[in-house]
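A look at the structure
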Amino acid sequence: MSGGWRGVAEVDAAEEADEARPARPGGGSGQLLRQLLVPHKRALQVLVLVVLVENAARLSIPYLVKEGIDTGIPPIQQRDDLRPLVLIVCLVLGATLLQAVARNRFLVRQGAIGQDVLLTVRSRVFRHFQALSPAFHDDYTTGRVISRQTSDVDAIYEMLETGFDGLVTAALTLVGTAGILLFLDLELGLVALLCGPFLAWLTNWFRKASAQSYRVTREKVALVIVHFVESMGGIRAVQAFRREARNQEIFDDVNDQYRAANLVAFRLVAWFMPGIRLIGNVTIAVVLLYGGYRAYNGDVTVGVLAAFLLYLRQFFEPMMEISQFYNTFQSASAALDKLAGVLEVEPGVPEPRHPVELQRVQGELRFDHVRFAYEEGRPVLPDLGLTVPAGQTIALVGTTGAGKTTLAKLATRFYDPSGGRVLLDGVDMRDIRSDALRSAVVMVTQENYLFSGTIADNIRFGRPDATMADVVRATTALGAHDFITAMPSGYETDVANQGGRLSAGQRQLVAFARAFLADPAVLILDEATSSLDIPSERLVQRALRTVLAGRTALIIAHRLSTVEIADRVLVMEHGRIVEDGTPAELVAAGPGHFSDLHRAWLESLA
Amino acid sequence: MSSSSASTPATPDVPDPDSQPPAGVHSLWRLRGYLRPHVPALALMLTAALGGVALAIGIPLVTKALIDGPIARHESDGILPLGLLALALGVLEAVLIWLRRWVQSNAVLGVETAMRHDLYERLQQLPMSFHSRWQSGQLLSRATTDLSAIRRFSGFGMLFLVINIVQVTATTIVLLRMFWPLGLVVAAAAVPIVWLSMRFEKQYVVVSRRVQDEQGDLATLSEEGAVGIRVIKSFGRGAHMSEQYERAARTVHGTSMAKVRLSARFWTFLEVIPNLAVVVVLLLGAIGVGRGYLTPGELVAFITLMLSLVWPVASLGVILAMAQEAMTAAARILEIFDTVPAIRGGERFIEHPRGHVRFEHVDFAFPDAPDEPVLRDVNLDLTPGETVAVVGATGSGKTILTALVPRLWDVTGGRVTIDGVDVRDLDLPHLRSLVATAFEDPTLFSMSARENLTLGRVDATEEEIAAALEVSQAQFVHDLPWGLDTRIGEQGLSLSGGQRQRLALARAVIARPQVLVLDDTLSALDVHTEKLVEEALRRVLADTTGLVVAHRASTVLLADRVALLQGGTITHVGSHRELLTTVPAYKELLAAEVEDDLDLVPAGVEA
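Residues numbered from 1 in each chain as written. Chains lettered and ligands numbered in written order. Predicted model: local features only at pLDDT ≥ 70, side-chain atom pairs only at ≥ 80, totals over all residues. Heavy atoms only, no water.

1. Some thoughts on the interface of chain B and chain A
Taken together, the contacts link 165 residues of chain B with 157 residues of chain A. For the pair chain B and chain A, the summed buried area comes to about 15,300 Å², and 65% of that belongs to carbon and sulfur atoms. Counting the contacts that link chain B with chain A gives six salt bridges. Taken together, the connections running from chain B to chain A amount to 35 residue pairs in polar contact (both at pLDDT 80 or more). When grouped by side-chain class, the residues that make up the side of chain B that touches chain A number 84 nonpolar, 43 polar and 38 charged. (Contact = heavy atoms within 4.5 Å. Buried area = accessible area lost by both parts, 1.4 Å probe. Salt bridge = Lys/Arg side-chain N within 4 Å of Asp/Glu carboxyl O. Polar contact = N/O pair within 3.5 Å; in protein donor to acceptor, adjacent residues only side chain to side chain. Nonpolar A, V, L, I, M, F, W, Y, C, P; charged D, E, K, R; others polar.)

What follows is the structure in structure tokens.
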């Protein structure tokens, strides 16, 4: 079973490349990282200094041990003179303490830089997502938005916290040790460094192989996660349709693919780690042999031989760890790429450069030769002209895909038109600052998302300074006051916990209250009553009559019951307005879209 | 009244997803069964690792022999054999590491994969009462994070716990025997390290959990910012949300810095203590060599050996933290393994099902609110082939009523029967093959359209699929880029609410059930499409028992009879027209507003 169940999808390649892309050298990742680190330039310079001191102190210890053996012992043997030894031991003690202090400062400073960068990235990414248009969010899906802000940010931190340290220490150790070995004894040092090419070859092989295996593993784990989350999220359908066995079959398949991918990754490490150890041990043995002969000949001292052995241990240890943080670099690099990609996206509806200040918003909406297309060459609105006088209530009807929702999204500036202008009180919406526009135009959709917090918080969402009396006035007008006070904690009921039992209709009423309290000049309702049952809908209708008074309103509905409160009905088809008039006029006008719909509606009531 | 296995679960024990289950060594011990198939591998790993320890001690001893023997005594003939011995031991050590890792990778992944299999299997068995409280994200972190914590411990942690203790003990003994005063210094140095590790681990767990919780809050805010983006945009509250997020991010920053400082202190001490021991050993050792108590070779071997102890001792803290993590993870997994599916199938089969559904004195309350019954004393009889519509206000329990038939939930009183058999006595897959539901908010999986459609009957033929698509007016599937093979759902092509509902309906029709439940399935369709679907549905419902939840008069007209659900019980049953004329509450629910000032509706249309 090779995944026929998954089906074919166009986005496949692109999406998988995005979610499990190997590091792209010189891509957006490097640039973003530089950008993030620039403000910490000074701190980084200090960090480099600290790390140099620390490594110097660390590397000096075996050398001092050698000195202790070679120059500390003979005076004791010869004349019981402890002073040279004590002096050297004091130096070792000093080096040890210096290393400790430097190490501590390094860890704290490194952590501070990492955390600061993390805070910057988080805030910046969150703000950027908030600035991006709903059109972007439609395509990008919430799952990806969230993983950008969680797992990707974590991956970057992981790198800053452990990877950096590991890499810097490994590099300094390699260079420093090599230098000291050559200094201690050129010949023996050169012999020891013969291991270099082998190490380079092995590390290079591992780097390439693990990049490949990392990518495969990410792909496989993504499959496991998607299948797992979807079958748990849709468990009702799974159980109702006895899907368990087939699901188990699919899950076992992806689970096993993941296992196989992991096995490859583990086995790479199983080769790499002992490989490094083998090179290290062979080097030690060679040094021991060759050094032994040289010591035997008196060319090197026992202390030098001891120092060599100690240094070689230090030399290979960080190499083993490279395999640990190599994956860290991989995922951080991929994460940086993805974040850089997101941050590069310009908001689809930019803020005006020279905003026009609106005085009191009257609420006149005008569409001036508006053209709009989601995809090039497939216009949804070919050329729309419409003027809605301030205070008028408009009902938009028409079949699915006629362009009603698009019109609403243009009126709220969720999108900008591809041609023509949308004007509020005669001002092009692109010239109005977004917060001014948002307080003037509010849309309520079927999607009645409630935020964590109390019911009152949610109603106040658009006007945080509203008093409790304002809140109650809004809910009372909508007939929502009674059910809210009947909840265990009334207006203080937590939406996330006890509020879990709010029905779709009740949530919608809260969403309505939220919109009414915000008191916009223009209110847009996109299918906003369709999830209400008839009594609630009737309640909302009745409330709408009072609430819409003095406001411009655009109501989109596929049920005609909503239409009755409208001053004017627009029937849309293929992005054009085909009928326009008061409800009574259109019914009276005889055969037409509206009168047909109206007749069908009347029949459905019978 | 019902079989014992399916007897009414008074309070099905659904664990609380937000509480931490008590964890301990026993949690891990209970999962030992997963290691059983890998016992030979584990034995091999342990042997290889112990061999590695012996070699780690052996190589410095060879060095010592070399320094004290051939070099000190100026005998060149001893150098080659000792050097070759060091080489051989070194190669052997690498081979042993390779062997351990090679065997280990297979075994630990086997353990993890098996646990994930079992977890998934159990989760699929657990009923809605469980899943309605546990979100898929919470379950996912068990299937991924927790399982890898256990894998890490069972593969690396457990082994190294044993190995490190063995290595530390063995090396200390060797050191003590070599020159006991220095040996004592080394042994003494180990004490503060172990003590520090344990103390650190405790503090670290506390601070880590706080960071984790705060990161969880932050993730929730990310989620709200993403899911609620349209509302946020609508009200222009982006800046407010960003500030809120930043505040939370700052809190995480503060706690994380505390964590950074804590671990910086720990790691510093961890390196300082062995280095201080080196200072002491060097001082005393050099004096010892000077005065002849110790050979130079012994001193070198001594220092090498004691440096080789740093990692095993220091990592004890990390391993203990790993063990703690694994115990918590094991407890979290066991919590799910221990949840007994409250809904288990019976053994009976109906050989010639006719689809006669009866609700007899049915009561229902949610397990977390047993005192607030949603349904009480519901009685309803659906004769074979009949279609009954259930009408009631929002929140009146209509959906739950329909969910009782395929046992997505179980009654808390009374019983539901099909052809006279209590549904709780029926084999569960059999029962669910008799009943199919088209849900209002249909779940589409990220799979091919075909896979989504044939959810209830994998072996449906092309003709059956085509016929079902026609009934549900979902022929648009044929026009998708790859037809039935097009991937839909979150990871594939996105469909409109109406399209999804029509697929859900087709899915239910393909299952060819005796009882078809339509839970407000047509709510997102426009009037025109709804009409076409209803005409086709009438044919399907002609010989199928139908239970239809309806909000609109148009849907009610599919039914032969209507049941009115009020205050948790069925108050009236009759035809649509009967109820419309005789029951004001019914008219209130289904008749659209007809007000006197409305000139749109000609007089007399309401009845």
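Here the narrative resumes.
2. What about the UniProt feature "domain: ABC transmembrane type-1" (unreviewed entry) in chain B?
Mapped onto this numbering, the UniProt entry gives "domain: ABC transmembrane type-1" (unreviewed entry) at residues 43–325 of chain B. Between the C-alpha atoms that bound residues 43–325 of chain B the distance is 24 Å, and the span itself is 93% helix and 0% strand. (UniProt positions renumbered as here; feature names shortened; annotations may be inferred. Helix = DSSP H or I, 4+ residues; strand = E, 2+ residues; numbered from the N terminus.)

3. Overview of the layout of surface pockets
Rolled over the atoms, a probe as big as a water molecule pinpoints where empty space is left. Its volume calculated, the second largest pocket comes out at about 530 Å³. Around the second largest pocket, the lining comprises 20 residues; the ones closest to its centre are Gln130(A), Ala131(A), Glu351(A), Ser434(A) and Lys233(B). Of all the secondary-structure elements, those providing two or more residues to the lining of the second largest pocket are α4 (83–131) and α13 (434–440) of chain A together with α7 (229–235) and α8 (238–291) of chain B. Partitioning the lining of the second largest pocket into residue classes produces seven nonpolar, five polar and eight charged. (1 Å grid on protein atoms, 1.4 Å probe; cavity = no way out; pocket = protein on both sides within 12 Å on 5 of 7 lines; lining within 4 Å. Points joined across faces, edges and corners; volume = space filled by probe spheres on them.)

4. Topic: the pairing of strand β7 (residues 522–526) of chain A
Residues and elements named next belong to chain A. With five of five residues buried, β7 is to be regarded as a mostly interior element. In terms of strand pairing, strand β6 (residues 441–444) meets β7 through four bridges, oriented parallel. By the bridge assignment, Val-441 is partnered in β7 with Val-522. Here β7 pairs with strand β8 (residues 552–556) via five bridges, running parallel. Looking at β8, one finds that Asp-526 is bridged to Ile-556. (Buried < 20%, exposed > 50% of the residue type's maximum accessible area, 1.4 Å probe, protein only. Pairing = 2+ DSSP bridges.)

5. Focus: the UniProt feature "transmembrane region" (unreviewed entry) in chain B
Here the UniProt-annotated "transmembrane region" (unreviewed entry) positions come out as residues 39–59, 79–99, 156–176, 182–200, 266–287 and 299–323 of chain B. Along residues 299–323 of chain B one finds 100% helix and 0% strand; the C-alpha atoms at either end are 36 Å apart.

6. Some thoughts on the nonpolar core
Within the largest apolar cluster, 121 residues are counted, with the highest numbers of intra-cluster contacts made by Phe359(B) and Leu503(B). In contact with Phe359(B), not counting residues within four places along its chain, are Val378(B), Asn379(B), Leu380(B), Leu382(B), Leu401(B), Val405(B), Arg415(B), Val416(B) and Leu547(B). Counting residues in hydrophobic clusters, the runner-up holds 108 residues, among them Ile88(A), Leu89(B), Leu182(B) and Val186(B). (Core = buried A, V, L, I, M, F, W, Y, C linked by side-chain atoms within 4.5 Å.)

7. Brief notes about the domain arrangement of chain A
The domain boundaries assigned to chain A delineate domain 1 (6–343) and domain 2 (365–605). For domain 1 of chain A versus domain 2 of chain A, the distance between C-alpha centres works out to 54 Å. (Domains from an automatic or database assignment.)

8. Things to note about empty space enclosed by the protein
Tallied over the entire structure, the rule returns ten cavities of 30 Å³ or more. Lining the largest cavity are Phe414(A), Met443(A), Val444(A), Thr445(A), Glu447(A), Asn448(A), Ala511(A), Arg514(A), Arg230(B), Val231(B), Ser234(B) and Phe235(B). Of all the secondary-structure elements, those providing two or more residues to the lining of the largest cavity are β6 and α17 (504–518) of chain A together with α7 of chain B. Looking at the lining of the largest cavity element by element, the count peaks at four residues for α7(B). Taken together, the residues of the lining of the largest cavity sort by class into six nonpolar, three polar and three charged.

9. Quick look at the environment of Thr142(A)
As for its placement among the helices and strands, Thr142(A) is situated in helix α6 (residues 142–184). For Thr142(A), a relative accessible area of 32% gives the class partly exposed. What Thr142(A) contacts, discounting residues up to four positions off in sequence, is Ala226(B) and Val227(B).

10. Notes on the pairing of strand β8 (residues 545–549) of chain B
Residues in a regular strand point their side chains to alternate faces of the sheet. Residues and elements named next belong to chain B. Of all five residues that make up β8, five are buried, and the element is covered over most of its length. Burial along β8 is two-sided: Thr-545, Leu-547 and Val-549 and Gly-546 and Val-548, pointing in opposite directions, are all buried. Of the strand pairs in this sheet, strand β3 (residues 387–392) and β8 are connected by four bridges, and their pairing is parallel. In the strand pairing of β8, Ala-389 is matched with Val-548. Each parallel crossover has a hand, and the one from strand β7 (residues 515–519) via helix α15 (residues 527–542) to β8 is right-handed. (Right-handed = clockwise from strand over helix to strand, strands pointing away.)

11. Focus: the pattern of salt bridges
In the structure shown here, the tally under the stated rule is 47 salt bridges over all chains. For Lys338(A), the salt bridge is made with Asp152(A), and the minimal N-O distance between the two is 3.7 Å. In this pair, Lys338(A) sits in helix α11 (residues 302–344) while Asp152(A) sits in helix α6, placing the two residues 186 residues apart along the sequence. For Lys338(A), a relative accessible area of 8% gives the class buried. The buried category is assigned to Asp152(A), whose relative accessible area is 5%. Across the salt bridge formed by Arg142(B) and Glu335(B), the nearest N and O atoms sit 3.5 Å from each other. Taken as a pair, Arg142(B) in helix α5 (residues 136–178) and Glu335(B) in helix α9 (residues 296–337) lie far apart in primary sequence, 193 residues in all. On the accessibility criterion, Arg142(B) (2% relative accessible area) is buried. One continuous salt-bridge network, built from bridges that share partners, spans Asp185(A), Glu187(A), Arg294(A) and Asp299(A).

12. What to know about unusual backbone geometry
All names here are of chain B. For Gln-473, which is not glycine, the phi torsion reads 55° and is therefore positive. By the element assignment, Gln-473 lies in the loop between α13 (462–471) and α14 (497–510). Residue classification places Gln-473 among the buried positions, given a relative accessible area of 18%. Positive phi outside glycine occurs at Asp-520, with the angle close to 50°. Along the chain, Asp-520 falls in the loop between β7 and α15. Residue Asp-520 is classed as buried on the basis of its relative accessible area, which comes to 5%.

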